[in-house]
Amino acid sequence: MTKFRSFLKREPVLCIAALAAVVSCFFVPPDAQYAGYIDFRTLALLYCLMTVVAGFSHAGLFSYLAFITCRRAANTRSLGLLLILLSFFSAMVITNDVALITFVPFAVLVLGMAGQTRALILVVVLQTVAANLGSMLTPVGNPQNLYLYSYYGLAASDFVKITLPFWLASLVLLAVSCLLLKRDPVDPETGQVPHVRKGAVGVHLILLLVCLLVVLRILPWPVMLAAVILILLPAEAGTLVKADFYLLLTFVFFFIFSGNLARIEAVRVALQALLAGREYLTALLASQVISNVPAALLLSGFTDAARELLLGVDVGGLGTPIASLASLISLKLYSQSKNAAVGRYLLVFTAFNLVFLLALSLLRLAL
C-alpha cells in the first residue's frame, strides 16, 4: 500500500488515465475497434524524440551549452535572461519538460554558486513559463502539439502560422519580465568546462534529423523507429530505456478513454455542443483541471477546429501547476533545492501564469 501511494503521488495523471480507461471499458466493451484508437505514429515519435534527447544529455551537450552561455553573464539580470531564453528556445526542439529537467537544476546550481539564490524563484518560474510557451512554435515542442499536428494532418507551415504570433508575444513578455531581476554582479566562473562526447552528439544529430523528417511526413515512422533502435542498440543500449514510458502509457490510456467516449452517443453530442464556438475556452479550462495533454487527447475527437484547440491547450498550459506536466517538474525540482520556499514559489508562479494567460488570451481575441 505504501508503494502504491508513492506511485500515485509520482504519477497522478497516469493513474487517472488508467482509471478513466478502465471505467470507459464498462460502457464500451473491448472489441476490434480498440486497435484503431491508438495513434502509433505519435507514440513512436514521442519515444524516439525522448531517446534522442536523452542521448544528447548523456553526451554532455546540454551541460556544455548551458555552461558556455551562462559563464558569459555579467550580472543577475543577464544570467537570468540567458537561463530563461535557454528554456524558451531549447523547448522548441527538445520539448518543454526536457528543457526544464535540463536547465532548472542548472539554474539552482549557478545561482547558488553566484550567491544569488534570492533570484531563484523568479528565474525558475519564468523558465517554466518560457518552456511551456517556447515549445508551442513547433510540432515537436510538446506532446499535445505532436498529437494534434498528427491527428489533424496539419502542414508544418500552417502549424507555425497558427502559433508564431503567440510565440513572438511570449518572447516579448518574457524579456520585459526579466527587467524585474536586479543587476547584481556575479562571478562568471562556474567550474570546469563539461566534457562533450562529440561522436555521440553527431550520431544523435543524425537521428534527430530522421525524427524531423517523420514530422514533416517525408519518412514513414517505422523507418525512424528501426533506425533509432538499430543504431543505438550496439553502443548506447542504455539510452533506449531513458524515455518516459509512463508518459507513453498515459497516452495509450487516454487514447482508449477518448476513443470510447466518442462511441457513446450521449457524451459525443454533449461535448460537441459544449465545444461549438467555444473550442479555445473549453480547451483552456479543461487544461487547468486535467492538464493540457489529456485535454488535447480528449477534445480532439469532438471538434474539427484545429487552430482553436491547439491554441487552447498550448495557452492552457499556463495557470494552475497541473495545467502542464512540465510545470509540475519545475515545482518538484525547485522544492528539492536548499531553503526552498514552496509557498512563495506558488504565489509567484500563479501571478505570472495568470498575467501571461490573460495577455495571450487577449491576443487571441484580437486575432
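Note that the coordinates shown come from a computational prediction; the quantities given were computed from them, not determined experimentally.

**Digging into the pattern of salt bridges**
Right, on to step 1. Counted according to the given criterion, the structure contains five salt bridges.
Right, on to step 2. With a closest N to O distance of 2.7 Å, Asp 31 and Arg 263 form a salt bridge. Taken together, the residues Asp 31 in the loop between α2 (12-27) and α3 (40-58) and Arg 263 in the loop between α12 (245-262) and α13 (265-275) connect sequence positions 232 residues apart.
Right, on to step 3. Overall, the relative accessible area of 32% leaves Asp 31 in the partly exposed class.
Right, on to step 4. Residue classification places Arg 263 among the partly exposed residues on the basis of a relative accessible area of 31%.
Right, on to step 5. A salt bridge links Glu 236 to Arg 197; its shortest N-O distance comes to 3.9 Å. Of this pair, Glu 236 sits in the loop between α11 (221-235) and α12 while Arg 197 sits in the loop between α9 (156-177) and α10 (198-215); the two residues are 39 residues apart in sequence, bridging distant segments of the chain.

**A short note on the packing of α3 against α11**
Two numbers describe a pair of packed helices, the interaxial angle and the distance between the axes.
Right, on to step 1. Between α3 and α11, the shortest axis-to-axis distance is 9 Å and the interhelical angle comes to 30 degrees. By the criterion of interaxial angle, the relationship of α3 to α11 is roughly parallel. Judged by the sense of rotation from one axis to the other, the crossing of α3 with α11 is left-handed. Contact residues: α3 offers Phe 40, Arg 41, Ala 44, Leu 45, Tyr 47, Cys 48 and Thr 51, while α11 offers Trp 221, Met 224, Leu 225, Val 228 and Leu 232.
Right, on to step 2. Tallied by class, residues from the contact of α3 with α11 come to 10 nonpolar, one polar and one charged.

**Quick notes on a nonpolar patch on the surface**
Right, on to step 1. Nonpolar side chains collect at one region of the surface, where Leu 19, Val 22, Val 23, Phe 26 and Phe 27 lie side by side and expose about 570 Å² of accessible area between them.
Right, on to step 2. Relative to the helices and strands, Leu 19 is located in helix α2.

**Overview of the state of the cysteines**
Right, on to step 1. With the rule as written, the count across this model stands at zero disulfides.
Right, on to step 2. Cys 15 carries a free sulfur, and the closest cysteine sulfur to it, the one in Cys 25, is 16 Å from it.
Right, on to step 3. Unpaired in this structure, Cys 48 has its nearest cysteine sulfur neighbour in Cys 211, at a distance of 5.0 Å.
Right, on to step 4. Look at Cys 48 and you get buried, because its relative accessible area is 0%.

Calculation notes
- Throughout, a residue's number is its position along its own chain's written sequence, starting from 1.
- Note on the predicted model: pLDDT of at least 70 is required for a residue's local features to be given, and 80 or more for side-chain atom pairs to be given and counted; whole-chain, interface and lining totals, by contrast, use all residues.
- As a rule here, side-chain values cover all heavy atoms of the structure and leave hydrogens and water aside.
- For this analysis, a salt bridge means a side-chain nitrogen from Lys or Arg found within 4 Å of a carboxyl oxygen belonging to Asp or Glu.
- Numbered from the N terminus, helices here are DSSP runs of H or I no shorter than four residues, and strands are runs of E no shorter than two.
- Remark: exposure states derive from per-residue accessible area (1.4 Å probe, protein chains only) relative to the maximum for the residue type, with buried under 20%, exposed over 50%, and partly exposed in between.
- Note on geometry: axes are lines fitted to C-alpha atoms, helical ones only across the stretch in contact, with angles between N-to-C directions running from 0 to 180 degrees.
- For this classification, under 35 degrees means roughly parallel, over 145 means roughly antiparallel, 65 to 115 means roughly perpendicular, and everything else is oblique.
- By convention the crossing between two helices is left-handed if the near helix lies anticlockwise of the far one by an angle smaller than a right angle, and right-handed if it lies clockwise.
- Note on contacts: a residue pair is in contact if any heavy atoms of the two residues lie within 4.5 Å.
- Under the scheme applied here, ten amino acids are nonpolar (Ala, Val, Leu, Ile, Met, Phe, Trp, Tyr, Cys and Pro), four are charged (Asp, Glu, Lys and Arg), and all others, including Gly, are polar.
- The patches described consist of residues with a relative accessible area above 30% and no salt bridge, like charges being joined within 9 Å and nonpolar side chains (Val, Leu, Ile, Met, Phe, Trp, Tyr) within 5 Å.
- All accessible areas in this document rest on Shrake-Rupley with a 1.4 Å probe, and a residue is counted as covered only by the protein chains that are shown.
- Disulfide assignment relies on a single distance test, namely cysteine sulfur atoms paired within 2.5 Å.

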